[in-house]
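Coordinate inspection notes
One letter stands for each residue in the lines below.
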Amino acid sequence: MVHTPSLQRGTLLVSAVAVLGLLTACGSPTAQTTPSRTASGTAGPATEDTAGSTAPSSGTASAATGGASSAKATGGTSGATTTTGTTARCHTSELSASVGRNNPGAGQENFPIVLTNKSGRTCTVRGYPGAAFVSASGAQLGPDPKRSSGSPATVALKPGQSAWAGLSFSNPEISGAKTATPAALVVTPPDERDSLKVTWTAGEVPVSGNASSVFLTVFSAGTGA
């Protein structure tokens, strides 16, 4: 049989169409993209009391996700922790008070007021103590102490553990303030009405005149030693 050029071209055209159809039926591969995801439940920053002397002692800091968090801060050897938990506060009847050793510096007299948990349960203190120097008759000597700026933190005290707050004043010999010698320091735990009395053995304190103010700091874990 004799093949003509016209017949050959037709055959090639049919073959090309057949191959093209086969490729179309099989399909061609396509690139896949992973859909972007939006993270849900993103946690915001934790909130914190920074109101200094006006911060309520019952407040707690919590993470924006609603979970409670805590940060341990040791002081001295008490092992107390700074926490944001909801343990009930310490009552005056559950605490003992003492005044630690003076740590003078830059014309200042600095004493730690120490509260120790003498109860059988864990309790907390937060914020500033109340404090006043008194005479042997119980009369207050000098004005009420002022509060130094600070961020209150809730300090959890297990039985036997302590927290301390600073009490400081200018050395009267340098400031020239009028002085008196207290018989005791009356200390009131945060949010409590009843007080504890500590014998004062550190001599004269300023009660009036120049630089006679006494200052208190917020409670921290430990004894301040």
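Bear in mind the structure is a predicted one, so any value in this text is a computation, not a measurement. (Residues numbered from 1 in each chain as written. Predicted model: local features only at pLDDT ≥ 70, side-chain atom pairs only at ≥ 80, totals over all residues. Heavy atoms only, no water.)

The subject of this paragraph is the pattern of salt bridges. Here the structure, examined in full by the defined rule, presents 2 salt bridges. For Glu94, the salt bridge is made with Arg121, and the minimal N-O distance between the two is 2.6 Å. One end of the pair, Glu94, is in the loop between β2 (81-83) and β3 (95-99); the other, Arg121, is in the loop between β4 (108-117) and β5 (123-126), with 27 residues separating them in the sequence. The class of Glu94 is buried, set by a relative accessible area of 13%. Residue class for Arg121 comes out partly exposed when judged on its relative accessible area of 27%. (Salt bridge = Lys/Arg side-chain N within 4 Å of Asp/Glu carboxyl O. Helix = DSSP H or I, 4+ residues; strand = E, 2+ residues; numbered from the N terminus. Buried < 20%, exposed > 50% of the residue type's maximum accessible area, 1.4 Å probe, protein only.)

With that settled, the discussion passes to the environment of Asp144. Examined against the element boundaries, Asp144 turns out to sit in the loop between β7 (140-141) and β8 (146-147). It is 9.1 Å that separates the C-alpha atoms of Asp144 and Phe215, two residues lying 71 residues apart in sequence.

Our next topic: the sheet that holds β7. Taken together, 4 strands build an open sheet; the order of strands is β7-β6-β12-β13 and the sheet is antiparallel. One side of each edge strand has no neighbouring strand; the edge strands of this open sheet are β7 and β13 (196-199). Pairing of strand β6 (residues 130-134) with β7 involves 2 bridges; the strand directions are antiparallel. From the neighbouring strand, Phe133 faces β7, where its bridge partner is Leu141. (Pairing = 2+ DSSP bridges.)

Nothing here speaks to function; it is geometry throughout.
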